[in-house]
Amino acid sequence: MRALVVSIWVFINLVFFGMCGYMYLLWSQYWMFIERQTGTTTSTYDQQIYYYNRGFLPNDSNKTHNETKLRIKHSLKDNVTVTLIKNSKPRFPNLQGREFELDTKKYICFKNDSFKNCSSKSLEFKEKILKELRRVLEDEGNVLKISAENPYNVQYKGTKGNFYDKTPKEIMCELKKIQVKTLKRGDVDRGPHNLGDFLPKRGLFENRKFNSCAIVASAGALKDSNLGKNIDAHDLVLRFNHAPTKGFEPDVGRKTTIRVLNSQVVTRKEFNFLESDIYKNVTIVAWDPSNYKATLDEWLEKPEFNLFPTYIEYKKRNVKARFFLINPQSLWELWDFLQDNSPSRLRRNPLSSGFLGLGILLPLCNFIDVFEYVPSTRVTKRCHYYDPEDNPACTFGVWHPLAAEKLLTYYINTIDDRTVFQDGYVRISGFKNVKC
Ligand code: NCC
């Protein structure tokens, strides 16, 4: 009898405390949601989104509204009213946990480190960085923490999966089905300003194959990396946007075969696209996102940044130039692939140029070394190797689903962890070597 009373007592207590815990969780989530709506959150990643979109932090009151407009990107168009967020303390503990500790020096191997010691440093770092990427990915999927903006009207109808449930080979086989297409002359029925007349007759490197290819992410971690010679030893080198080589050769090399540019770089005055030498004597591949379901014609009529006049002008000035435009539908095919293989909801924004670069090279190369995309022990808060600005969002992602891109890229990597986390590159097999 006594045992029965005790059991009932324990049971009632369990139910009571369980319910209290559950209500506390709901309550704290609710207040975090309210804080987000009223713009008083201090979540590190939310601040970074703010920073990323506007170019300064919420409490940086020196910036004027005009500067704000200049730095606004993609979906936040000029008529957005920007309200400065007050920097307040959260009323409830931050359930996201601490920001990633970017003091990664202790994981760097030195000459006098034994092989074993270096391997364990690499392993420790790997666990830390992957955990952080996973945390960001989970946060992105939590609509209570992150805004559920959907500027491209993405209507994903697939089934979210988890790449960990598949083998790297299965992932590669799925990826192999996606063809990143560039527009050819016949694809466009003249189009705006007779664009069709200026497009190349063939696709990008249609009849060429390369053995070794390098993708140079523009990450701050390339600074002092001394990777220049290694990068230049590849048959093809792909770089992004306005990332320079001049003055940075020891770290990033001097060879450039392809430059992948987002449409801001092609269209905005500050990048001086038509004049700058950086965009001469290289193959250029530019991309601009369409709406998720848009047809090619709809995009041609209404690109996000109007890159066609500049495209045509460039082709007029450089008749033989190899300048390609990505078919925007390929961007969303890649996005679908990533969402099909990510357990949580991805940001409804296009992938970064980095993952697109990989998609472009996979059919062309025997193998691809991707430099400082999966962060190595050199990672700091620095955004780019060519610019002293600190912004960890560039590495972990806030606008593009970078965390998902990087986790998946690491999963299909074929080289040892020491190379990935100490030397700073992953190696991905070209499609030719993937037998499905
Ligand atoms: O910064 P960005 O990217 O030009 O970098 C090119 C690619 O390198 C990888 N990267 C970069 C920095 C970092 N710390 N880690 C990284 O892994 C990413 O894969 C990235 O794609 C872009 O993708 O085109 C992007 O372009 C910039 C910007 O438009 C251009 O640099 C021109 O100024 C975007 N930033 C802003 O618009 C503020 C960025 O969102 C994406």
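Please read all numbers here as calculations on a predicted model, not as lab measurements.

Conventions we followed
Residues numbered from 1 in each chain as written. Predicted model: local features only at pLDDT ≥ 70, side-chain atom pairs only at ≥ 80, totals over all residues. Core = buried A, V, L, I, M, F, W, Y, C linked by C-beta atoms within 7 Å. Buried ≥ 20, exposed ≤ 12 C-beta atoms within 10 Å, placed from the backbone. Helix = DSSP H or I, 4+ residues; strand = E, 2+ residues; numbered from the N terminus. Contact = placed C-beta atoms within 7 Å. Near = placed C-beta within 6 Å. Nonpolar A, V, L, I, M, F, W, Y, C, P; charged D, E, K, R; others polar. Pairing = 2+ DSSP bridges. Expected span 1.5 Å × (residues − 1). Axes fitted to C-alpha atoms, helices over the stretch in contact; angles between N-to-C directions.

Novice: What is the right way to look at the nonpolar core in this model?
Specialist: One broad trend across soluble globular proteins is that nonpolar side chains are buried collectively. Ranked by size, the top nonpolar core spans 94 residues in total, and within it I215, L238, L361, I368, V370 and F371 carry the most contacts. Broken down by element, the residue count for this core peaks at 6 residues, all from helix α14 (residues 402-411). Sequence-distant contacts of L238, defined by excluding residues within four places in its chain, comprise C213, A214, I215, V216, T257, I258, V260, G357 and L361.

Novice: I tried to follow the site of the ligand on my own but got confused; where do I start?
Specialist: Looking at the ligand, there are 21 residues lining it, with A219, S352, S353, G354 and C394 nearest. When contributions to the shell around the ligand are tallied by element, the ones reaching two or more residues are α8 (263-267), α12 (353-361), β7 (382-384) and α13 (393-396). Its residues assigned to classes, the shell around the ligand comprises 8 nonpolar, 12 polar and 1 charged.

Novice: Would you mind going over the pairing of strand β8 (residues 387-390) with me for this structure?
Specialist: The pairing of β7 with β8 spans 2 bridges and is antiparallel. Residue H384 lies in a different strand from β8, and its bridge partner there is D387. Adjacent in sequence and paired antiparallel, β7 and β8 are bridged by 2 residues.

Novice: In this structure, what is going on with the environment of A404? I would like to understand it.
Specialist: With respect to the element layout, A404 can be found in helix α14. Its 28 C-beta neighbours within 10 Å are what place A404 among the buried residues. Between the C-alpha atom of A404 and that of E140, which follows or precedes it by 264 residues, the distance is 9.7 Å. Residues contacting A404, with those up to four places away along its chain left out, are L137, L338, S342 and L346.

Novice: Quick question: what am I supposed to make of helix α11 (residues 328-340) here?
Specialist: Working note: α-helix, 3.6 residues per turn, so residues spaced by three or four point in the same direction. For α11, built from 13 residues, the straight-helix expectation of 18 Å at 1.5 Å per residue is met to within 8% by its first-to-last C-alpha distance of 19 Å. Taken as a whole, α11 has its buried residues at P328, L331, W332, L334, W335, F337 and Q339. Buried residues belonging to α11 abut α5 (168-176), β4 (283-287), α9 (296-301) and α12.

Novice: When you look at the sheet that holds strand β2 (residues 236-240) in this model, what are you seeing that I'm missing?
Specialist: By definition, the strands of a sheet pair up through backbone hydrogen bonds, in either a parallel or an antiparallel sense. Across the sheet, which stays open at both edges, the 7 strands sit in the order β5-β4-β3-β2-β1-β6-β9 with mixed pairing between neighbours. The strands lining the two open edges of the sheet, one partner per strand, are β5 (323-325) and β9 (425-429). Taken over all neighbouring pairs, the strand axes of this sheet differ in orientation by 20 degrees on average, direction set aside. Bridge count for strand β6 (residues 365-371) against β9 is 5 bridges, and the pairing is antiparallel. Directly across from D369, in β9, lies its bridge partner R427. α12 contacts β1 (210-216), β2, β3 (258-262), β4, β6 and β9 of the sheet and is inclined by roughly 135 degrees relative to β3.

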